[in-house]
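# Fold and contact review
Read off the chains here:
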Amino acid sequence: MNIKKTNAARLLDKLGIVYELIPYTVDPENLAADHVAAELGEPIEQVFKTLVLRGDKTGFFVCVIAGDREVDLKKAAKVSGNKKAEMIHMKELLPNTGYIRGGCTALAMKKPYPVFISEEAPEFPFIYVSAGQRGLQIKLAADDLRSAVDASYADLTIDR
């Protein structure tokens, strides 16, 4: 199967980062990470979702968290230097990031936003993140993602 490279993959190539592009079957009715994990045959904890938030002081920032977790808006606000943060509206996603829901990645966004990756990501030998389109994931080491987008690791999720 010939997989077309995305801007995210081209960025990793440019940086000399090792990764793998993994296609999966998209269900337009279910864009959730658990569906992606099931399609990949991987644990949901290793399939990360990319969330774009707006802080009351800094504007847009990005959180990359495990597919089975929920972002804690208070923690996200604090690590990003804000008092409050909220998820952006779906209609704001494409014009500000270049990506659509279910295909958003921190890699090669339209503008460089601050990126925070959930602190448990480096516990895995590799994680999966969107390659920038629905139906395609990038498998890479969390530290490689962190360096590619100049991210910080942080406690971002609601405690279980």
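Scroll up for the structure.
Residues numbered from 1 in each chain as written. Predicted model: local features only at pLDDT ≥ 70, side-chain atom pairs only at ≥ 80, totals over all residues. Heavy atoms only, no water.

### A closer look at the overall build of the protein
Helix and strand counts for the protein come out as five helices and eight strands. Listing every helix and strand of the protein by position from the N terminus yields α-β-α-β-β-α-β-α-β-β-β-α-β. For 160 residues, the compact-globule formula gives about 15 Å, and the C-alpha radius of gyration of the protein, at 14 Å, lands near that figure. Taken along its principal axes, the extent of the C-alpha atoms in the protein is 45 × 35 × 30 Å. Across the 160 residues that make up the protein, the buried fraction comes to 49%. Put simply, of all contacts in the protein between residues at least 6 apart along the chain, 61% involve residues at least 24 apart. As displayed, the protein has an accessible area near 8,200 Å², and 51% of this comes from carbon and sulfur atoms. Here the protein contributes 21 positively and 22 negatively charged side chains, and the mean placements of these two sets differ by 9 Å. (Helix = DSSP H or I, 4+ residues; strand = E, 2+ residues; numbered from the N terminus. Rg over C-alpha atoms; globule rule 2.2 N^0.38 Å. Buried < 20%, exposed > 50% of the residue type's maximum accessible area, 1.4 Å probe, protein only. Contact = heavy atoms within 4.5 Å. Areas by Shrake-Rupley, 256 points an atom, 1.4 Å probe, with all protein chains shown as cover. Lys, Arg positive; Asp, Glu negative; His and termini not counted. Charge placed at Lys NZ, Arg CZ, Asp CG, Glu CD.)

### Here we look at the pattern of salt bridges
Applying the stated criterion across every chain yields a total of seven salt bridges. Note that R54 and E92 form a salt bridge whose closest N and O atoms lie 2.1 Å from each other. One end of the pair, R54, is in strand 2 (residues 48–55); the other, E92, is in helix 4 (residues 90–97), and 38 residues separate them in sequence. R54 sits in the partly exposed class, given a relative accessible area of 25%. Relative accessible area serves as the criterion here: at 16%, E92 is assigned to the buried category. The salt bridge partner of D155 is K75, with a shortest N-O separation of 3.2 Å. Highlighted residues: D155 in the segment after strand 8 (152–154) and K75 in helix 3 (residues 73–79), separated in sequence by 80 residues. Assessed through its relative accessible area of 18%, K75 is described here as buried. Through salt bridges with shared partners, a single network forms among R54, E86 and E92. (Salt bridge = Lys/Arg side-chain N within 4 Å of Asp/Glu carboxyl O.)

### Observations concerning helix 2 (residues 33–40)
For helix 2, the full list of buried residues reads A33, H35, V36, A37 and L40. Contacts from the buried residues of helix 2 go to strand 1 (20–23), strand 6 (127–133) and strand 7 (136–140).

### Here we look at the sheet that holds strand 7
The strand order across the open sheet built from three strands is 1-7-6, with neighbouring strands paired in antiparallel fashion. Taken across any chain shown, the strands that pair with only one partner, and hence form the sheet edges, are strand 1 and strand 6. In this sheet, adjacent strand axes meet at a mean angle of 35° when their direction is disregarded. Pairing between strand 6 and strand 7: five bridges, direction antiparallel. For S130, the partnering residue across the bridge sits in strand 7 and is Q137. Sitting on the sheet, helix 1 (residues 7–15) touches strand 1, strand 6 and strand 7, and the angle it makes with strand 7 is about 25°. (Pairing = 2+ DSSP bridges. Axes fitted to C-alpha atoms, helices over the stretch in contact; angles between N-to-C directions.)

### Re unusual backbone geometry
With phi around 60°, A108 is a residue other than glycine that occupies positive phi space. Mapped onto the fold, A108 is located in the loop between helix 4 and strand 5 (115–118). Using a relative accessible area of 28% as the deciding quantity, one classes A108 as partly exposed. The backbone of D150 sits at a positive phi, close to 55°, despite the residue not being glycine. Its place among the elements puts D150 in the loop between helix 5 (142–149) and strand 8.

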